[in-house]
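Summary of the model geometry
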Amino acid sequence: KQRVFSGIQPSGVPTLGNYLGAIRNWVPLQDTHDAIYCVVDLHAITQPFDPKQLAAQTREMAAALIACGLDPERCVLFVQSHVHAHARLAWIFNCVARLGWLNRMTQFKDKAGKDREAASSGLYVYPNLMAADILAYHATLVPVGDDQKQHLELANDIAQKFNHDFGAEFFPAIEPLIQGVAARVMSLRDGTKKMSKSDASDQSRINLTDDADAVALKIRRARTDPEPLPESAAGLEGRAEARNLVGILAAVAGATPEAVLRDHGGKGFSEFKEVLAEALVAHLTPIQAEMKRLLGDPGAVDAALRLGAERARAVADPIMTEAERLVGFLPR
Ligand code: ATP
Ligand code: MG
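Residues numbered from 1 in each chain as written. Chains lettered and ligands numbered in written order. Predicted model: local features only at pLDDT ≥ 70, side-chain atom pairs only at ≥ 80, totals over all residues.

Each helix and strand in the chain was counted, giving 13 helices and five strands. Here the C-alpha atoms of the chain give a radius of gyration of 21 Å, agreeing with the 20 Å that 2.2 N^0.38 yields for 332 residues. Along the first, second and third principal axes, the C-alpha atoms of the chain reach 70 × 45 × 40 Å. Put simply, of all contacts in the chain between residues at least 6 apart along the chain, 77% involve residues at least 24 apart. (Helix = DSSP H or I, 4+ residues; strand = E, 2+ residues; numbered from the N terminus. Rg over C-alpha atoms; globule rule 2.2 N^0.38 Å. Contact = placed C-beta atoms within 7 Å.)

What follows is the structure, encoded as structure tokens:
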């Protein structure tokens, strides 16, 4: 079976973007692939965070993943800091990746903002850690949202340079799996920005934990243009906000944007938004109920994560030992 790896940061509550662009696509891979999924807390500390909240947020993210359909029996589900291979391999990759490569990363530029000097050095080498996450398991398929494409290209560059520098075909090539009409869900406030769980504005996103009223209000307030919906997908050209809302309904309904517009083309946004909010609430309600149930027994979630970490270590440890041998470290 081909090995799949993906991760999500406990940097907030998962959003509709995380769900449609990533998590939802992780679920069926549990049955067809050797699937490894990780709550990446080492990544979450690259940006300002509250140490008093991090542990609870990490557990909450794990509960959200299970509620969305990940089964700790059928996949390996664990917390990144529980498996040391990630940090150890990331250090080696810090010494393989070139500064020039990292300088081209657009996520760093977006996240560091105007005051780049004040960004953590961890944020800068984030892509090296991400490469380590995947390659520590020799995973070859990575289901992610569209925004992570550039980081995966860098991971391939790192793997190639490692293989070249240390004279072995050791790390495999990685292939991104970017799926569906909602591989890039946009902010509800700005159709040119992706929806993010760390965005300062809560109005910019749907959180998986938002109740029906919050979902309806956020969708009602979502930015749109004044024209009614077009009759076909070609009419979405140049209308980022309209395209985003149509894409979200298509993804939730398991339809194409074309089919959504066959049903709703010509309607005004106020009418369409009612339909969209209702579909979202219907989709999210059972996930929220399951999440609440899981968090009623935090010990059980933690136990599942401990078991996941053990299984993850069993895969990563021998790969790490060989990577360190190739680099030339004295065996322990
Ligand atoms: P942060 O703002 O802290 O970076 P995030 O919302 O970008 O949070 P990540 O934990 O960085 O979430 O990413 C988890 C997964 O969700 C990745 O596979 C990423 O590509 C995907 N993802 C994130 N945002 C979106 C989005 N707006 N649309 C589709 N997929 C997304
Ligand atoms: Mg992100």
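Three or more residues of helix H9 (residues 212–221) are buried, namely Val215, Lys218 and Ile219. The buried residues of H9 all sit within an arc of 95° when viewed along its axis, so they share a single face. The exposed residues of H9 that point more than 90 degrees off its buried face are Asp213 and Arg221. (Buried ≥ 20, exposed ≤ 12 C-beta atoms within 10 Å, placed from the backbone. Arc of directions from axis to C-beta.)

Per-chain confidence: the chain averages 97 in pLDDT, with 100% of residues scoring 70 or above. When mean pLDDT is compared element by element in the chain, strand S3 (residues 76–79) scores highest at 99, while helix H6 (residues 106–112) scores lowest at 96. Across the predicted assembly, pTM comes out at 0.97 and ipTM at 0.99. (pLDDT = per-residue confidence, 0-100.)

Counting residues in each nonpolar core, the largest one holds 98 residues, and the members touching the most others are Ile36, Tyr37, Leu89, Ile134 and Ala155. Residue-level mapping places this core at the junction of two domains, with at least three residues from each of domain 1 (3–183 + 297–327) and domain 2 (210–292). Once residues within four sequence positions are removed from consideration, leucine 89 is found in contact with Ala132, Leu135, Ala136, Met320 and Ala323. (Core = buried A, V, L, I, M, F, W, Y, C linked by C-beta atoms within 7 Å. Domains from an automatic or database assignment.)

Tracing the backbone through its elements, the reader meets valine 181 in the loop between strand S5 (175–177) and H9. When the 21 C-beta atoms within 10 Å are taken as the criterion, valine 181 is described as buried. Taking the C-alpha atoms as reference points, valine 181 and leucine 20, 161 residues apart in sequence, are found 8.7 Å from one another. Among residues more than four places away in sequence, those in contact with valine 181 are Gly247, Ala250, Ala251, Thr256 and Pro257.

With that settled, the discussion passes to the packing of helix H3 (residues 51–67) against helix H12 (residues 269–295). It is at 8 Å that the axes of H3 and H12 come closest, and there the two elements cross at 130°. The angle between the axes of H3 and H12 places the two elements in the oblique class. Pair H3 / H12 crosses with right-handed handedness. Residues Glu60, Ala63, Ala64, Ile66 and Ala67 of H3 form the contact with H12, whose participating residues are Ile287, Glu290, Met291, Leu294 and Leu295. For the contact of H3 with H12, the per-class residue count stands at eight nonpolar, no polar and two charged. (Axes fitted to C-alpha atoms, helices over the stretch in contact; angles between N-to-C directions. Parallel < 35°, antiparallel > 145°, perpendicular 65-115°, else oblique. Left-handed = near helix turned anticlockwise from the far one by under 90°. Nonpolar A, V, L, I, M, F, W, Y, C, P; charged D, E, K, R; others polar.)

Here we take up the site of ligand 1. Lining the immediate environment of ligand 1, one finds 20 residues, of which Gly17, Gly21, Gly145, Ser196 and Ser198 sit closest. A total of four residues in the shell around ligand 1 trace back to one element, the largest contributor, which is helix H1 (residues 16–32). Along the lines of polarity and charge, the residues of the shell around ligand 1 split into six nonpolar, ten polar and four charged. (Near = placed C-beta within 6 Å.)

Domain annotation for the chain reports domain 1 (3–183 + 297–327) and domain 2 (210–292). Between the C-alpha centres of domain 1 and domain 2 there is a distance of 30 Å. Each partner contributes to the interface: domain 1 provides nine residues, whereas domain 2 provides nine residues. Counting only elements with at least two residues in the side of domain 1 that touches domain 2, the list comes to H1 and H3. At three residues, H3 tops the list of elements feeding residues into the side of domain 1 that touches domain 2. Residues that form the side of domain 1 that touches domain 2 fall into these classes: eight nonpolar, one polar and no charged.

UniProt's entry tags residues 10–18 with the feature "short sequence motif: 'HIGH' region" (unreviewed entry), counted in the numbering of this structure. In the segment residues 10–18, helix accounts for 33% and strand for 0%; the C-alpha atoms at its two ends are 12 Å apart. (UniProt positions renumbered as here; feature names shortened; annotations may be inferred.)

Here we take up the pairing of S3. Because side chains alternate across S3, one face comprises the buried residues Val76 and Phe78, and the other comprises Leu77 and Val79, equally buried. Across four bridges, the pairing between strand S2 (residues 34–39) and S3 is parallel. Bridge pairing in S3 links tyrosine 37 to leucine 77. (Pairing = 2+ DSSP bridges.)

The backbone of histidine 138 sits at a positive phi, close to 50°, despite the residue not being glycine. Residue placement: histidine 138 occurs in the loop between helix H7 (121–135) and strand S4 (141–143).

Moving on: the packing of H7 against helix H8 (residues 149–165). The interhelical angle for the contact between H7 and H8, taken along N-to-C directions, is 70°, at an axis separation of 9 Å. When the axes of H7 and H8 are compared, the pair comes out roughly perpendicular. Where H7 approaches H8, its residues Pro127, Asn128, Met130, Ala131, Ile134 and Leu135 are matched on the opposing element by His151, Leu154, Ala155, Ile158 and Ala159. The class makeup of the residues in the contact of H7 with H8 is nine nonpolar, two polar and no charged.

Turning to its location among the elements, glutamate 241 is positioned in helix H10 (residues 240–253). A sequence separation of 33 residues divides glutamate 241 from glutamate 274, and the C-alpha atoms of the two residues are 16 Å apart. Discounting residues that sit within four places of it in the chain, glutamate 241 has contacts with Gly191, Arg223, Thr224 and Asp225.

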